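Below are the chains, spelled out letter by letter.
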Amino acid sequence: MKNWEAMEAFVEVVRQGSFSAAAIKLSVSASHVSRLVTQLEAELGCTLLFRTTRRIRLSEAGELYYQHCRDLPAALSSAEEVISSLNQAPIGAFKMTCATTFGERYIAPVMNDFLTTHPKIELDLHLTNRAVDLLEENYDLAIRMGAMKDSSLLSRRLCDRKEYLCASRDYIDQYGMPHTLSELSKHKCLIGSKSHWLFQQNGQRKEVKVSSQWRSNSGLALLDAVKKGLGIAQLPDYYVQQEFDSGRLVPLLAQYQYPYSGVWLVYPKVHHPSPKLKAICDYLIDCFKDNAPFKPPQAYD
């Protein structure tokens, strides 16, 4: 870029046909334009322009140089206009990821509503229970559950999320109800993606390691196993709320219920967040400002 100003001056001299006309176009003095072109010729080690008192004429080298450079100032101006428009309106490709079930039930419908008023966004919504690497896999945004640990990322809280220990009424009738955390070792525990369950005891966070002969990384598969009486599981509110309302499942150990964990909007650290990232985050937070349609279940009698 060291010769950019001189190259721009040279291109304008050729276009305008004189140093004085180029100077007017560039809002500088004619002597400054002449000095820039002379410096450029010295840098390149060749003559670009033959000058007379009446006209200028391109040398062979000057003709080749002009053919290669003539569109560059316009291309730079166009690039600056594109970036300026990006900084003003949410447009362009946007890649985001979320856990499968939460994404299907809540994020996809909200994002589809967003796109009806922002048709210039090209959305790639990838739903997976795998913890993707945002930087390595070029994601603009992830929606994640629980505590944030990666200091290379920024986050904004989307909503609260509770996890409930639960079982079917048939299971409780057959095996009884646990009354303390220590009694969990005597029950059939069904494990999802985590082998530690989260509770609160004496006002402190407590994680209990559980073991099981049944395990799946699918929340829906885990929910089905609980409903069929195969055992006890800990599941997020958005899986079990309807099951509690219908009475198909019942909450257990309410006295050890952990208050809540968060759902977070997570994105790479940037000096200037793009308008599309800001617009999407603001829209999601506004949609979840009443903390999603989750409510505490009734205790089982």
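Residues numbered from 1 in each chain as written. Predicted model: local features only at pLDDT ≥ 70, side-chain atom pairs only at ≥ 80, totals over all residues. Heavy atoms only, no water.

1. Digging into the pairing of strand β3 (residues 92-98)
Successive side chains on a regular strand alternate, one facing one side of the sheet and the next facing the other.
Line of reasoning, step 1. Among the seven residues that make up β3, five are buried, leaving the element largely enclosed by the rest of the structure.
Line of reasoning, step 2. The pairing of β3 with strand β4 (residues 121-127) spans seven bridges and is parallel. When the bridges of β4 are listed, F94 appears paired with L123.
Line of reasoning, step 3. Chirality of the crossover, the property in question, places the unit of β3, helix α6 (residues 100-117) and β4 among those that are right-handed.
Line of reasoning, step 4. As judged from the three bridges shared by β3 and strand β5 (residues 141-145), these two strands associate in the parallel manner. Residue pairing for β5: M96 is matched across the bridge by L141. (Buried < 20%, exposed > 50% of the residue type's maximum accessible area, 1.4 Å probe, protein only. Helix = DSSP H or I, 4+ residues; strand = E, 2+ residues; numbered from the N terminus. Pairing = 2+ DSSP bridges. Right-handed = clockwise from strand over helix to strand, strands pointing away.)

2. A short note on the confidence of the model for the protein
Line of reasoning, step 1. Chain-level statistics for the protein give a pLDDT mean of 86 and a share of 89% at 70 or above.
Line of reasoning, step 2. Between residues 293-301, whose pLDDT stays under 50, and residues either more than four places distant or in other chains, the model counts 23 contacts. (pLDDT = per-residue confidence, 0-100. Contact = heavy atoms within 4.5 Å.)

3. As for the packing of aromatic side chains
Line of reasoning, step 1. Tallied over the entire structure, the rule returns 10 aromatic pairs.
Line of reasoning, step 2. When the ring of F10 is compared with that of Y66, the centres are 6.5 Å apart and the planes differ by 75 degrees; the resulting orientation is edge-to-face. A residue pair is termed long-range when its members are at least 10 positions apart, and F10 in helix α1 (residues 4-16) and Y66 in helix α4 (residues 60-69) qualify at 56 residues. Here F10 and Y66 have matching classes, each one buried.
Line of reasoning, step 3. Site record: aromatic cluster; members linked through ring pairs are F102, Y106, Y238, Y239 and F288. (Phe/Tyr/Trp six-rings, centres within 6.5 Å; stacked < 30°, edge-to-face > 60°.)

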